[in-house]
Amino acid sequence: MQAETLILGQVLTFAESPFDVPPDEAARHERAGAVAVGEGRIVAVGPADRLRAAHPAATVVDHGDALILPGFVDAHAHYPQTAIIASWGKRLIDWLETYTFPEEARFADPNYARAQAETWLDLLIAHGTTSVASFCTIHLASVDALFEAAEARGMGVTAGRTCMDRNAPAPLRDTAQAAHDDSAALIARWHGRGRARYAITPRFTPTSSPEQLEALGALWAANPDCAMQTHLSEQREEVAWVAELHPEARDYLDTYEAHGLLGPGAMFGHAIWLTDRERARLAEAGASVVHCPTSNTFIGSGLFDCARAMRGRIGVGLATDTGGGSSFSMLRTMAAAYEIGQLSGTALHPAQLLWLATEGSARAMRREVEIGTLAPGSAADLVVLDLGSTPAIAQRAARAETLWESVFPTLMMGDDRAVAATWIAGRMLGK
Ligand code: GUN
Ligand code: ZN
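For clarity, every value in this text was computed on a predicted model and none was experimentally measured. (Residues numbered from 1 in each chain as written. Chains lettered and ligands numbered in written order. Predicted model: local features only at pLDDT ≥ 70, side-chain atom pairs only at ≥ 80, totals over all residues. Heavy atoms only, no water.)

1. Focus on the site of ligand 1
Around ligand 1, a shell composed of 13 residues is seen, among which His78, Gln81, Arg203, Glu234 and Asp321 lie nearest. Between a nitrogen atom of ligand 1 and a side-chain N or O atom of Asp321, the distance comes to 2.8 Å. In terms of residue count, helix 3 (residues 92–105) provides more of the shell around ligand 1 than any other element does, 3 residues in total. When the residues that make up the shell around ligand 1 are grouped by side-chain class, the tally is 5 nonpolar, 5 polar and 3 charged. (Near = heavy atom within 4 Å. Polar contact = N/O pair within 3.5 Å; in protein donor to acceptor, adjacent residues only side chain to side chain. Helix = DSSP H or I, 4+ residues; strand = E, 2+ residues; numbered from the N terminus. Nonpolar A, V, L, I, M, F, W, Y, C, P; charged D, E, K, R; others polar.)

What follows is the structure, given as structure tokens:
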């Protein structure tokens, strides 16, 4: 196929996971590289000279020395919490009650939901994030608002109506039946429409009764190619609360498993305080956990041991967890993952951080055929990074002797100023 557009720059791809083989064997770097794009998809990746010769009619967009990567994939976020990011002084349960639930109640107004969805997606694009898995609120219109805003931008978004039928304020509570029926209606309306994918979304065990978990488990069994997203073992107080609510369960994960909510495509946010049984079951079941490092430090949850999860063959995605997380930036998120890795005894390599923020998250969402890599046939979703975006970063990168030394300062100190361009489905948006 002839490409319509040739995007030039340094290009970094992964032939294998840098958790499975040494990072330098996993990565492929073209210093003078190109990505050829046609009909919104990647046609080829390779040396600029070769692709120019192969696609002479293509429009050329030259990003110079900037680094072209698959667009960032944020595997766990709450778009309705955009306006309450950086709220002071609470831990999970009182943070939910004080800041989150009152804000989520505002999404009863579809106009507010639309405005917030648009604001949030535009922030993500400015930060180089091209795909996301998001919780919405209990309101159907909050889901429509996000999918409509994503469709208008050509973005591949996974999202679902957040279900809660206990331990939440009355305006945010539903029933097992309503959770099932509304989610089923949204699956029919959105799942597989263009790039939209539905995630069945019980908020977490403390706010979903066993009846609701059962109803959503049945819905997932009827729609197995949907994702399933929820929270697991984020804070110790939460784990103790689940044990009190469910003395019959072997552990927290068991409260989901007992109702058909564990399997391939299940995404469990946080998963910090796991037992050995939970780790083994997550791996056996082909489920994924999602590391949300800025959230884990911001609301004081604990240190996720990424290296241990990888050794245990559990799928791991990386995410901002807006607004428990303190940033919309996957660069800031990688920096926090690095710092948490250090505190847990493992220095994650820059290749591993970048892989988690792209292919790792895409795999957790079971979307790696479409997003998270630069494989031919994938959506042409790209982030282009300026590796010297501030004087502080530039002076450090100037000393770099290797690719990784030139990239790492941007991972540690970069933000939206490092994003030279974001491409979504072959269109350059932002900057
Ligand atoms: N656990 C249940 N709901 C939430 C939420 O909205 N944010 C975070 N960080 N944890 C949760
Ligand atoms: Zn969350």
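So, next bit.
2. A few points about the pairing of strand 3 (residues 41–47)
As defined by bridge partners, strand 2 (residues 27–38) adjoins strand 3 across 6 bridges and the pair is classed as antiparallel. Residue pairing in the sheet places Val37 in a bridge with Ile42 of strand 3. Between the antiparallel neighbours strand 2 and strand 3 lie 2 residues, among them Glu39 with a positive phi of about 50°. (Pairing = 2+ DSSP bridges.)

3. Remarks on the sheet that holds strand 3
Consider a sheet: its strands pair through backbone hydrogen bonds, and that pairing is either parallel or antiparallel. An order of 3-2-1-4-14-15-16 is seen for the 7 strands of this open sheet, with the pairing classed as mixed. Two strands lie at the open edges of the sheet, namely strand 3 and strand 16 (427–429), each paired on one side alone. The sheet shows a mean angle of 40° between the axes of neighbouring strands, taken without regard to direction. Where strand 14 (residues 382–385) meets strand 15 (residues 419–424), 4 bridges bridge the pair, whose relative direction is antiparallel. Among the inter-strand pairings, Leu385 is bridged to a residue of strand 15, identified as Val419. (Axes fitted to C-alpha atoms, helices over the stretch in contact; angles between N-to-C directions.)

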